[in-house]
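Understanding the architecture of this molecule
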Amino acid sequence: MNPQIEILADLNALVDRALELVVENLHAAIATRNIATIALSGGSTPKPLYEKLAQQNLPWDKLHIFWGDERYVPADHPDSNQRMARLAWLDKVPIPPANIHPMPTDDAAPAIAAQKHEAELQTFFNAKPGEFPAFDVILLGIGDDAHTASLFPHTPALQVRDRLITVGDKDGNPRITFTAPLINAAQTVIFMVAGASKYNALTQIFADQADENTYPARLIKPQGELWWLLERSTNFSK
Ligand code: 6PG
């Protein structure tokens, strides 16, 4: 499905549009299956979205929270994506603690943590080995290098096609990340991109020809809906 690209005037407008899409998709999932699953992205762009989600009146007991990637640091570390989302949103709403499914980062070996989280997802979704469960919503950002989640350029994580979760590598620092096939199984993927520094990455991601290993966000071609919400400051137009 061709991506739906929207240019938003500023970060606030981008966040409001993302809020609209997220709430709409979560309500639709709950109306259909009485449950909704969302995987959060880290970084700075989504934080105001999480703060606005904290003000929504959602059926919190029917919502399950996951992360698309995580830095391999303790949950209370300033770099933790889990910590950012809890402070901005999850600690402010009555969501059952069991509905929050952080990526483990307390194993000595990140590969063990990745295996554990894969097993947790398979159990949660009742997925058989080789099956890629469909998250209702996956939020993503991109780096200036066109990485997404923790799928960084020219790293082994980009080649993983038979796992849900793998170990990412950012300049030698381990990450836990969804694999490209798991992201591509989602019902709805929403990219939130802001800032002039993302212009070159966007140009390569949307180019007719470019190397997926160099621009990993090109790997994201979900079966379902794909939204690119771009702040005008990215100066990108398709
Ligand atoms: C992370 C994110 C990462 C992020 C991009 C964009 O763990 O850092 O998951 O993939 O989405 O780096 O980050 P900004 O939103 O801060 O530009």
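All chains use their own residue numbering, which begins from 1 and follows the written sequence. Per-residue local features of the predicted model are confined to residues with pLDDT of at least 70, and side-chain atom pairs are confined, for both listing and counting, to 80 or more; whole-chain, interface and lining totals are unaffected and use all residues. The basis for the side-chain values is all heavy atoms of the structure; hydrogens and waters are excluded.

**Digging into the overall build of the protein chain**
- Put simply, DSSP H or I for four residues or longer makes a helix, DSSP E for two residues or longer makes a strand, and each gets a number counted from the N terminus. Each helix and strand in the protein chain was counted, giving six helices and nine strands.
- C-alpha atoms define the radius of gyration, and 2.2 Å times the number of residues to the power 0.38 defines the globule rule. The C-alpha radius of gyration of the protein chain comes to 17 Å, within 12% of the 18 Å expected for a compact globule of 238 residues.
- The principal-axis extents of the C-alpha atoms in the protein chain amount to approximately 40 × 40 × 35 Å.
- In the protein chain, which comprises 238 residues, the share counted as buried stands at 53%. Each residue's exposure class comes from its accessible area (1.4 Å probe, protein chains only) as a fraction of the maximum for that residue type: buried when under 20%, exposed when over 50%, partly exposed otherwise.

**What to know about the site of the ligand**
- Lining the immediate surroundings of the ligand are 13 residues, of which Thr 45, Asp 69, Arg 71, Ala 149 and Lys 198 lie closest.
- By the criterion applied in these results, polar contacts are pairs of N or O atoms within 3.5 Å in which, for protein atoms, one can donate a hydrogen and the other can accept it, and in which residues neighboring in sequence qualify only through two side-chain atoms. Contact between the ligand and Arg 71: an oxygen atom at 2.7 Å from a side-chain N or O atom of the residue.
- Within the side chain of Arg 175, a nitrogen or oxygen atom sits 3.5 Å from an oxygen atom of the ligand.
- With residues, only the protein chains shown are counted as cover, and all accessible areas are computed by Shrake-Rupley using a 1.4 Å probe. With the chains in place, 88% of the 420 Å² that the ligand exposes on its own is no longer accessible.
- Taken together, the residues of the shell around the ligand break down into two nonpolar, seven polar and four charged. Nearness of a residue to a molecule or strand requires only that one of the residue's heavy atoms be within 4 Å of it. Amino acids are sorted into nonpolar (Ala, Val, Leu, Ile, Met, Phe, Trp, Tyr, Cys and Pro), charged (Asp, Glu, Lys and Arg) and polar (every other residue, Gly among them).

By themselves, these figures tell us nothing about what the structure is for.
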